[in-house]
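So you can see what is in the structure, the chains are spelled out below.
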Amino acid sequence: MRDMPEPRPLTLMTVHAHPDDETIGTGGTMAKAVAEGHRVVLVTCTRGEMGEIVVPEMDTPDNHRRLGEIRAAELEAAMAELGVTEWENLGYRDSDMMGRSSNSDPRSFWRADLDEAAGRLTWLIRRHRPDVVTTYNSFGGYGHPDHIRTHDVAVRAFPRAGDPAWYPDQLAPEHGGTGPIETEGGVAPWAPSKLYEQAFPRSAREAMNEVMAARGERSPWLPPEDATPEQLAEFEAWMAKMLVPDESITTRVDIGPFVEAKWNAIRKHVTQMSPDAPFLALGLDGWRRYWSTETFILTESRVAAELPETDVFAGLG
């Protein structure tokens, strides 16, 4: 009797800008997927080499020179905490913050040709065949150029990956392409079923403001106390792009059992996470109380979706 092939596990691909973004935004969802027997593939678009180093004793010229390598090691350690064993890099240089000189670097993600960059992600989708893809919203979550580009690339690659008319040089002739007969990995068109954008609900900002006020601390999500009317309007406009109304959330993933794994993973990103930062100041107990859910908006689906959901794999059987 012929052995039956093992069923293909459902696969989640999370697409992020820099090492540490994956843990902040989707770490719990990734850990939960692994624990439930699904496959998880992380794609990081840059190495984060233009980031700050928040640990004073590590903030040296030599460490800045090799920050990309340091952050790659931090990422590997963080993925071990989440149980993720597969990750890729799209190959672009960190663009730094908006308006800085690094935005003009032709190697930067911000300066990348969008069709070329989308082609790179399209190839990874065709290679890894995810059922679910996550990315950021069009503001990149908080306006960082690399986060905006991550969105721009992901929303292009999602539909193109299943269309042999796009990037036919990636495909062998039997798949409608113009590439070599022997294509490494057997890359063929692949259409993921669901595309999500990470979403930060407005209620989370309000809860954080209340928690920090109770601790006698000022929340970074409040405008400066001496803000002019113009500055206040600018701040609120920025927040309006960053946050979404709670009723817009389609998918709330309970990561309660995986908060500790997420906490341990974020602390592996040592150069980026000061113990005094508001993000860590609440401690593990605070995370369990206030950040035990990761939220998304389902923006594309090729399967019937009953909203709201509690699982990014809902409807995939």
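You'll find the structure just up there.
Residues numbered from 1 in each chain as written. Predicted model: local features only at pLDDT ≥ 70, side-chain atom pairs only at ≥ 80, totals over all residues. Heavy atoms only, no water.

Trainee: Lay out helix 8 (residues 259-266) with the relevant residues and their values.
Mentor: Counting buried positions along helix 8 yields six of eight residues, so the element is predominantly enclosed. Buried residues along helix 8 sit in contact with helix 1 (21-35), helix 3 (67-82), helix 9 (278-281), helix 10 (283-290) and strand 7 (293-301). (Buried < 20%, exposed > 50% of the residue type's maximum accessible area, 1.4 Å probe, protein only. Helix = DSSP H or I, 4+ residues; strand = E, 2+ residues; numbered from the N terminus. Contact = heavy atoms within 4.5 Å.)

Trainee: Which residues make up the side chain of Arg126, and what values do they have?
Mentor: Examined against the element boundaries, Arg126 turns out to sit in helix 4 (residues 114-128). Buried charge without a partner: Arg126 forms no salt bridge, and the closest opposite charge is Asp163, 6.4 Å away. At 2.9 Å, the side chain of Arg126 forms a polar contact with the backbone oxygen of Ala161. From its side chain, Arg126 meets the backbone oxygen of Tyr167 in a polar contact 3.3 Å long. Sequence-distant contacts of Arg126, that is, excluding residues within four places in its chain, are made with Arg160, Ala161, Asp163, Pro164, Trp166, Tyr167, Gln170, Leu171, Val187, Ala188, Pro189 and Trp190. (Lys, Arg positive; Asp, Glu negative; His and termini not counted. Salt bridge = Lys/Arg side-chain N within 4 Å of Asp/Glu carboxyl O. Polar contact = N/O pair within 3.5 Å; in protein donor to acceptor, adjacent residues only side chain to side chain.)

Trainee: Go over the packing of aromatic side chains with me, naming the residues and quoting the values.
Mentor: For the coordinates displayed, the defined rule picks out six aromatic pairs. With 6.2 Å between their ring centres and 45° between their planes, Phe235 and Trp238 make a pair best called tilted. In this pair, Phe235 and Trp238 both sit in helix 7 (residues 229-242), three residues apart, roughly one turn of the helix. Given the relative accessible area of 14%, Phe235 is considered buried. Feature note: the residues Trp263, Trp287 and Trp291 constitute an aromatic cluster, connected by ring pairs. Between the NZ or CZ atom of Arg160 and the centre of the ring of Trp166, over which it lies, the distance is 3.7 Å. (Phe/Tyr/Trp six-rings, centres within 6.5 Å; stacked < 30°, edge-to-face > 60°. Lys NZ or Arg CZ within 6 Å of the ring centre and 35° of its normal.)

Trainee: Residues and numbers for the pattern of salt bridges, please.
Mentor: This structure, assessed with the given rule, holds 22 salt bridges. Across the pair Glu88 and Arg127 runs a salt bridge, and its minimum N-O distance is 3.1 Å. With a gap of 39 residues between them, Glu88 in strand 3 (residues 86-92) and Arg127 in helix 4 connect regions that are remote in the sequence. According to the relative accessible area criterion, Arg127 is partly exposed, its value standing at 41%. Glu309 is the salt-bridge partner of Lys194, the closest N and O atoms lying 2.7 Å from each other. Highlighted residues: Lys194 in strand 5 (residues 194-198) and Glu309 in the segment after strand 7, separated in sequence by 115 residues. Pair check on accessibility: Lys194 and Glu309 agree, each one buried.

Trainee: Describe the pairing of strand 2 (residues 39-46), and please don't skip the residues or the numbers.
Mentor: Counting buried positions along strand 2 gives seven out of eight residues, so the element sits mostly inside the fold. Here strand 1 (residues 11-16) pairs with strand 2 via six bridges, running parallel. Residue pairing across strands places His16 opposite Thr44, the latter belonging to strand 2. Two elements, strand 2 and strand 3, share five bridges in a ladder whose sense is parallel. Within strand 3, the residue paired with Leu42 across the bridge is Trp87. (Pairing = 2+ DSSP bridges.)

Trainee: Run through the nonpolar core, naming residues and quoting values.
Mentor: If you look at the biggest cluster of nonpolar residues, it comprises 42 residues, and the most contacted ones within it are Met79 and Phe313. Counting only elements with at least two residues in this core, the list comes to helix 1, strand 2, helix 3, helix 6 (202-214), helix 7, helix 8, helix 10 and strand 7. A total of five residues in this core trace back to one element, the largest contributor, which is helix 8. Beyond its immediate chain neighbours, meaning those up to four positions away, Phe313 contacts Leu10, Thr11, Leu12, Ala33, His38, Val132 and Lys194. Listed in part, the 23 residues of the second largest apolar core include Met13, Val41, Ala154 and Leu195. (Core = buried A, V, L, I, M, F, W, Y, C linked by side-chain atoms within 4.5 Å.)

Trainee: An account of the side chain of Asp21 is needed here, citing residue identities and associated values.
Mentor: For Asp21, the position within the fold is in helix 1. At 6.1 Å, Arg71 is the nearest oppositely charged side chain to Asp21, a buried residue that forms no salt bridge. In terms of polar contacts, Asp21 uses its side chain to reach the side chain of His147, at 3.1 Å. For Asp21, the contacting residues outside a window of four places in its chain are His16, Thr26, Tyr136 and His147.

Trainee: Lay out the packing of helix 8 against helix 10 with the relevant residues and their values.
Mentor: Relative to each other, helix 8 and helix 10 sit at 130°, their axes nearing to 10 Å. Classified by the angle their axes make, helix 8 and helix 10 are oblique. As for the relative orientation of helix 8 and helix 10, their crossing is right-handed in sense. For the pair helix 8 and helix 10, the contacting residues are Val259, Glu260, Lys262, Trp263 and Ile266 in the first and Gly283, Leu284, Trp287 and Arg288 in the second. Within the contact of helix 8 with helix 10, the residues separate by chemical class into five nonpolar, one polar and three charged. (Axes fitted to C-alpha atoms, helices over the stretch in contact; angles between N-to-C directions. Parallel < 35°, antiparallel > 145°, perpendicular 65-115°, else oblique. Left-handed = near helix turned anticlockwise from the far one by under 90°. Nonpolar A, V, L, I, M, F, W, Y, C, P; charged D, E, K, R; others polar.)

Trainee: I'd like a rundown of the sheet that holds strand 2, residues and numbers included.
Mentor: Strand order in the open sheet formed by seven strands is 3-2-1-4-5-7-6, and the pairing between neighbours is mixed. Sheet topology places strand 3 and strand 6 (251-254) at the edges, where each strand pairs with a single neighbour. Recorded for the sheet is a direction-independent mean angle of 25° between the axes of neighbouring strands. As paired strands, strand 5 and strand 7 are joined by five bridges and run antiparallel to one another. Residue pairing across strands places Gln198 opposite Phe296, the latter belonging to strand 7. Along the sheet, helix 4 makes contact with strand 1, strand 2 and strand 3, crossing strand 3 at roughly 165°.

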